[in-house]
2 protein chains.
Amino acid sequence: MNNKQNRSDHRIYDWIRSRIDAGVWSPGEKLPSTRALAADLGVSRSTVVVIYEQLAAEGYIKTAVGARARVSNGLQTRQVPPHAMRQAPKQTRTLSAYGERMGALAFAQRPVSDPHQINFLYGAIAEEDFPTLAWRRLYNRALVDKQHLLYYGASEGEASLREALQSYLMRARGLQCTSDQILIVQGTQQALDLCAKVLVDPGDPVVMEEPCYLMARRTFESIGAKIMATPVDEQGLDSSALPSTPCTLAYVTPSHQFPLGSVMSISRRQALLAWAQRQSSWIIEDDYDSEFRYGLRPVDPLQSLDTHACVIYIGTFSKALSPQLRLGYLVLPPALVTPFRQAKQLADRHSPMLEQAILAELIRSGAYERHVRRLKRENDRRRSALLQAISAHLGLRARVEGADSGLHVVVWFKDIPMDSEHEVVAKAKESGVGIWPVSPLFAEGSKFRKARCAGFVLGYASLKKSAIDKGIGLLADVMQPYFAKAAPLQN
Amino acid sequence: MNNKQNRSDHRIYDWIRSRIDAGVWSPGEKLPSTRALAADLGVSRSTVVVIYEQLAAEGYIKTAVGARARVSNGLQTRQVPPHAMRQAPKQTRTLSAYGERMGALAFAQRPVSDPHQINFLYGAIAEEDFPTLAWRRLYNRALVDKQHLLYYGASEGEASLREALQSYLMRARGLQCTSDQILIVQGTQQALDLCAKVLVDPGDPVVMEEPCYLMARRTFESIGAKIMATPVDEQGLDSSALPSTPCTLAYVTPSHQFPLGSVMSISRRQALLAWAQRQSSWIIEDDYDSEFRYGLRPVDPLQSLDTHACVIYIGTFSKALSPQLRLGYLVLPPALVTPFRQAKQLADRHSPMLEQAILAELIRSGAYERHVRRLKRENDRRRSALLQAISAHLGLRARVEGADSGLHVVVWFKDIPMDSEHEVVAKAKESGVGIWPVSPLFAEGSKFRKARCAGFVLGYASLKKSAIDKGIGLLADVMQPYFAKAAPLQN
């Protein structure tokens, strides 16, 4: 026993020594308190005290009454520097084809948002638009709701949320499905990633809108898809330009084309569905900001016209709640329910459960719909402010596109050449205004680009009306020199 | 104007009619209130009132003073049934190779946890072990911490959390890295999925422990990896049985082999690292329950012995906090930081931000370490209760394996044949006890299985000490008949 005790003491002594020698605990650094270490190692505190005294006697550490022991300052240790500091060893190990492809893709830099800047950043939401009180009340309740144990949830998402969503989608979007067809995911991006994994093989033809939502395109490029870029016009995706060969899927944003903002006409919708049937293609309908329609025309989703169960509908809570929550959902054709649930299980088991419970209650109680209605009014005001400011400060120099719905517009400037976009962005930034060029969203360069002048994406969901007016005013000043050079406007 | 007004009124009328005809709003169902619909459509309430009156006059809906209008009960509508109810059209559309492979995999049924059952369910945590008060306080604070806008976060995770983790891992695990090497993910499962995507191509050889953590094996199988099953013994993965050919990666659980619970010896660790260098293989170290070590021997991770930057370390908060949070992390070799960040961005952009902020503060403040220490004492008590109950009720009939650490043990019964495991599980369930057979965890069947008798995985982290004793007692009764048939025990 005593022997055993001694052996264990030595093991602990050696372990501490090795950590000091390796520089895990470096000279001058505090050691764990004897109480904490004793608890960690599952030995009596006195055991640790004895070992510390031994190490102190040998000069490895300094002990002082009432203070935590420290590693001696003078001590020479053979520091093993962490990976990053070592000259990285020549890497003979390889990445997958996916890893290589992905490395070759251009990823947009994440914009650092400066609070002093008036930033027309698309995808940003005003913090005061988040229903903080309701969310907190429900979170605190969900946190104390008794479960008899904490265990993994269902990969398809909580039944309460899927049922609440099913009837919400019926009411709000005229979308008919069963709650089993709904899969809860980490926002639109995970929905796209699951579609790419489950449906697309390297080399498969995938129809993308041009210009398009780049993250969607990157997702299919990373899987090795052959992108069939198809132009959009004021009626949305040009169905006459769709490939006449079989395709694996087509990704579309019919309610509010990203970025140009057109709403796909009913005839185009029917043409697209007929094409998908001919080419046995899946269709992904990304309904990313459908809550925000300001016109008189409510547009039911493509999914509701789908009689061949080929439309995969994607919805998100990033626009009406917050992009930081990472909550979204898919409405799947029955044939895809099982493979997508399995893919979700392999991707991350399931989405966090507390947030699902909160969202279910928020929707069930009607609070979510009231919130969306309030938010819609709020964003309609921002939108009007933006349109007024543009006509006041920029007048006929600017042409606005896609303002009927959503949370952003595209503004074209016929007097500013296409290749000056980045110059204007830089100058705008200097005067404290953030705007975003359209060119990067034309993944095929100018091939399908009609407007040969400069264009910018202006998001307004995070800005106050006053800031919107001020920002457009500043933008007008930045653009004056270009206008001055251009032909005077005929009246 | 008046004309335009009329047209828009007609459009709204037609839209409501079409919804009633299509059965989106079914007979007897309430229509939206005139106020709500007016807000939705952006028209005056009186406009909607007029339209409702028109529809009522035509018998489509019933209006009543002070009540919501309803669709008329008698109404014949040409219901378009939702997808699931239609006879699913012959599906000419295909899945990817991934989708097909995944469909062929056997996924374990998610156990439904019955509160009346004493469930030795591995992976389940007692709800009272979650630090509810601290978490709620921090969540409520994070919720009101002013940001000037809500926008997407960094794909690698919040800097505050990565920095807190970096020093925690140094203190708690002797793991040296920079915070840039840390990637925040949705639990261990997403970490594995990212490894599979970024590192493994179909046909690539991947070393798995046998028996193993099935979800890890499924993840690599789904990507099409060639699984090289390698046996484990009481020293962990048998390095002498490793393939002598180049491999893409090896997945190991050195701190507490899942499920058998052995701790990989230092010589085996060195042998594995040397092998990985020879075969230019990556190593995934899954340190899933390292917080719970009860023995005298603190084991630093494989990563801390890695001088060739080939070890990918995976940690999770599912055992010390809750599996429902879906929070975990990777510590990456420098060469893999960029591809993994990009893969995470394509997978779901980033992990939810509030939870990251809370966790960062929990760790930074030291509250997390205190919590883990408390939890460790608690689980040590449960573990002792389990071991005592086993020796009291089952005595020499049972052999316990892997009890030095973690939150589960494996118990072998030499008197019960291997192929009776499911029978015993079923009988145990009848008497209100949940236990889990080891056989499914031997993915290669009995090829590498030493113990030819029945074995069961018993998790104890969600059970009270009294329940543990009662459960084992009931289990002993269930097993009596098998013992009776067996040879009497020699004393």
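Conventions used here
Residues numbered from 1 in each chain as written. Chains lettered and ligands numbered in written order. Predicted model: local features only at pLDDT ≥ 70, side-chain atom pairs only at ≥ 80, totals over all residues. Heavy atoms only, no water. Helix = DSSP H or I, 4+ residues; strand = E, 2+ residues; numbered from the N terminus. Contact = heavy atoms within 4.5 Å. Areas by Shrake-Rupley, 256 points an atom, 1.4 Å probe, with all protein chains shown as cover. Lys, Arg positive; Asp, Glu negative; His and termini not counted. Charge placed at Lys NZ, Arg CZ, Asp CG, Glu CD. Least-squares fit on C-alpha atoms with pLDDT ≥ 70 in both. Axes fitted to C-alpha atoms, helices over the stretch in contact; angles between N-to-C directions. Parallel < 35°, antiparallel > 145°, perpendicular 65-115°, else oblique. Left-handed = near helix turned anticlockwise from the far one by under 90°. Nonpolar A, V, L, I, M, F, W, Y, C, P; charged D, E, K, R; others polar. Pairing = 2+ DSSP bridges. Buried area = accessible area lost by both parts, 1.4 Å probe. Salt bridge = Lys/Arg side-chain N within 4 Å of Asp/Glu carboxyl O. Polar contact = N/O pair within 3.5 Å; in protein donor to acceptor, adjacent residues only side chain to side chain. Buried < 20%, exposed > 50% of the residue type's maximum accessible area, 1.4 Å probe, protein only. Arc of directions from axis to C-beta. Core = buried A, V, L, I, M, F, W, Y, C linked by side-chain atoms within 4.5 Å. pLDDT = per-residue confidence, 0-100. Phe/Tyr/Trp six-rings, centres within 6.5 Å; stacked < 30°, edge-to-face > 60°.

Turning our eyes to something else, we now look at the overall build of chain A. A tally of helices and strands in chain A yields 14 helices and 16 strands. Along the three orthogonal principal directions, the C-alpha set of chain A runs to about 95 × 55 × 50 Å. Residue pairs in contact within chain A that sit at least 24 positions apart in sequence constitute 73% of those at least 6 positions apart. Summing over all exposed atoms, chain A offers an accessible surface of approximately 19000 Å²; the carbon and sulfur share of this is 53%. When the 60 positive and 49 negative side-chain charges of chain A are each reduced to one mean point, those points stand 5 Å apart.

What follows is about the relation of the copies chain B and chain A. Superposing chain B onto chain A takes a rotation of 180° combined with a translation of 0.1 Å along the rotation axis, leaving an RMSD of 0.1 Å. In short, the pair behaves as if placed about a two-fold rotation axis. Residue by residue, 99% of the interface of chain B is reproduced at the interface of chain A, so both copies engage with the same surface.

The next subject is the packing of helix H12 (residues 367–393) of chain B against helix H14 (residues 465–485) of chain B. All names here are of chain B. Packing of H12 against H14 leaves a shortest axis separation of 9 Å and a crossing angle of 25°. By the criterion of interaxial angle, the relationship of H12 to H14 is roughly parallel. The chirality of how H12 crosses H14 is right-handed. Together, Arg-381, Arg-382, Ala-385, Leu-386, Ala-389, Ile-390 and His-393 of H12 and Lys-465, Ile-468, Asp-469, Ile-472, Gly-473 and Ala-476 of H14 make up the contact between the two elements. Residues of the contact of H12 with H14, tallied by class, amount to seven nonpolar, two polar and four charged.

Below, the discussion takes up the side chain of B:Asp193. For B:Asp193, the location among the structural elements is in helix H7 (residues 187–199). Every residue in contact with B:Asp193, bar those within four places of it in the chain, is listed here: A:Lys197, A:Leu346, A:Ala347, B:Tyr98 and B:Thr219.

Moving on, we come to the sheet that holds strand S5 (residues 205–210) of chain B. Residues and elements named next belong to chain B. Strand order in this open sheet of eight strands is S4-S11-S10-S9-S8-S5-S6-S7, and the pairing throughout is mixed. A single partner strand is all that each edge strand has here, and the edge strands are strand S4 (182–185) and strand S7 (236–237). In this sheet, strand S8 (residues 249–252) lies alongside S5 in parallel orientation, the contact comprising three bridges. Among the inter-strand pairings, Val-206 is bridged to a residue of S8, identified as Leu-249.

The subject of this paragraph is the interface of chain B and chain A. Accessible area lost upon the coming together of the parts serves often as the stated size of an interface. Contact residues are listed per partner, giving 129 residues for chain B and 129 residues for chain A. Buried area between chain B and chain A, summed over both chains or domains, comes out near 11500 Å², and the portion from carbon and sulfur atoms is 56%. Joining chain B to chain A, the criterion identifies two salt bridges. Among the salt bridges present, the one from A:Asp193 reaches B:Lys197, with a minimum N-O distance of 2.8 Å. In this structure, the connection of chain B to chain A is made through 36 residue pairs in polar contact (both at pLDDT 80 or more). Taken together, the residues of the side of chain B that touches chain A break down into 60 nonpolar, 41 polar and 28 charged.

Bringing unusual backbone geometry into the picture now. Cis geometry marks the peptide bond from A:Glu210 to A:Pro211; its omega dihedral reads 0°. With respect to the secondary-structure elements, A:Pro211 resides in the loop between strand S5 (205–210) and helix H8 (214–222). Residue B:Pro259 is reached from B:Phe258 by a cis peptide bond, and omega for that bond is 5°. Note that B:Pro259 resides in the loop between S8 and helix H9 (266–278). Located in the positive-phi region is A:Ser280, a residue other than glycine, with phi close to 35°. By the secondary structure assignment, A:Ser280 is in the loop between helix H9 (266–278) and strand S9 (282–286). Judged by its relative accessible area of 26%, A:Ser280 is partly exposed. A positive phi angle, close to 75°, is found at A:Arg349, a residue other than glycine. You can call A:Arg349 buried: its relative accessible area is 14%.

This part covers the pattern of salt bridges. Evaluation of the coordinates by the stated rule reveals 40 salt bridges over all chains. B:Glu421 is paired through a salt bridge with B:Arg449; the nearest N and O atoms lie 2.9 Å apart. Of the two residues, B:Glu421 is situated in helix H13 (residues 421–430) and B:Arg449 in the loop between strand S15 (436–437) and strand S16 (453–459); the sequence distance between them amounts to 28 residues. Grouping residues by exposure puts B:Glu421 and B:Arg449 together as buried. Taken together, the shared-partner salt bridges in this structure form one network comprising A:Glu156, A:Arg162, A:Asp180 and A:Arg341.

Time to look at the side chain of B:Asp129. Note on placement: B:Asp129 falls in the loop between strand S3 (118–119) and helix H5 (132–144). In this structure B:Asp129 touches B:His371, B:Arg374, B:Leu375, B:Glu378, B:Arg382 and B:Ala461, once residues within four positions along its chain are discounted.

Our next topic: helix H8 (residues 214–222) of chain B. H8(B) sits mainly inside the fold: nine of its nine residues count as buried. Count one or two residues on from H8(B) and you reach B:Gly224, which has phi positive near 95°.

This part takes up the pairing of strand S13 (residues 408–417) of chain A. Where a strand is regular, its side chains alternate between the two sheet faces. Residue and element names in this part refer to chain A. By the criterion of burial, S13 is predominantly enclosed, with eight of the ten residues buried. Pairing geometry for strand S12 (residues 398–401) and S13, over four bridges, is antiparallel. Paired with Val-400 across the strands is Val-411, a residue of S13. Linking two consecutive strands that pair antiparallel, namely S12 and S13, is a turn of six residues; a positive phi of about 75° is found at Gly-402 within it. The sheet contact formed by S13 and strand S16 (residues 453–459) spans seven bridges and is antiparallel.

A few words now on the packing of helix H7 (residues 187–199) of chain A against H8(A). Residue and element names in this part refer to chain A. At a closest axis distance of 9 Å, the pairing of H7 and H8 adopts a crossing angle of 30°. The orientation of H7 relative to H8 falls into the category roughly parallel. Pair H7 / H8 crosses with right-handed handedness. Each of Gln-189, Leu-192, Asp-193 and Ala-196 in H7 lies in contact with H8, whose residues at this interface are Met-215, Ala-216, Thr-219 and Phe-220. Considered class by class, the residues forming the contact of H7 with H8 number five nonpolar, two polar and one charged.

On to helix H13 (residues 421–430) of chain A, then. All names here are of chain A. Residues of H13 that are buried: Glu-421, Val-424, Val-425 and Ala-428. Buried residues of H13 fall within an arc of 100° about the axis and therefore sit on the same side. Turned more than 90 degrees away from the buried face of H13 sit His-422 and Glu-430, all of them exposed. If you follow the buried residues of H13, they end up packed against S13, strand S14 (433–434), strand S15 (436–437), S16 and helix H14 (465–485). Just downstream of H13 lies Gly-432, where phi reads positive at about 85°.

Ranked by size, the top nonpolar core spans 143 residues in total, and within it A:Trp135 and B:Trp135 carry the most contacts. Contact partners of B:Trp135, with chain neighbours within four places excluded, come to A:Tyr139, A:Leu143, B:Phe130, B:Leu321, B:Leu325, B:Glu355, B:Ile358, B:Leu359 and B:Leu362. One finds A:Tyr98, A:Leu105, B:Met215 and B:Val457 within the second-largest nonpolar core, a separate group that totals 136 residues.

Residues and elements named next belong to chain A. The eight strands are arranged S4-S11-S10-S9-S8-S5-S6-S7 in an open sheet whose pairing can be described as mixed. Strands at the two margins of the open sheet, each flanked by one partner only, are strand S4 (182–185) and strand S7 (236–237). The sheet contacts of H7 involve S4, strand S8 (249–252), S9, strand S10 (311–316) and strand S11 (328–331), and relative to S10 the element is tilted by about 155°.

A few words on the confidence of the model for chain A. Residues and elements named next belong to chain A. Per-residue confidence for chain A gives a mean pLDDT of 90; residues scoring 70 or more make up 93%. This stretch, residues 79–88, has a pLDDT under 50; its non-local contacts, to residues over four places away or in other chains, come to 21 contacts. Reported confidences for the modelled complex are a pTM of 0.86 and an ipTM of 0.86.

Summed over all chains, the structure comprises 23 aromatic pairs over all chains. The interplanar angle of 45° and the centroid separation of 5.0 Å between the aromatic rings of A:Tyr122 and A:Phe258 together place this pair among those described as tilted. Taken together, the positions of A:Tyr122 in the loop between strand S3 (118–119) and helix H5 (132–144) and A:Phe258 in the loop between S8 and H9 put the pair 136 residues apart, joining distant regions of the chain. The buried category is assigned to A:Tyr122, whose relative accessible area is 16%. With a centroid separation of 5.3 Å and an interplanar angle of 75°, the aromatic rings of B:Tyr151 and B:Tyr152 are classed as edge-to-face. Taking relative accessible area as the criterion, B:Tyr151 reaches 13% and is therefore assigned buried.

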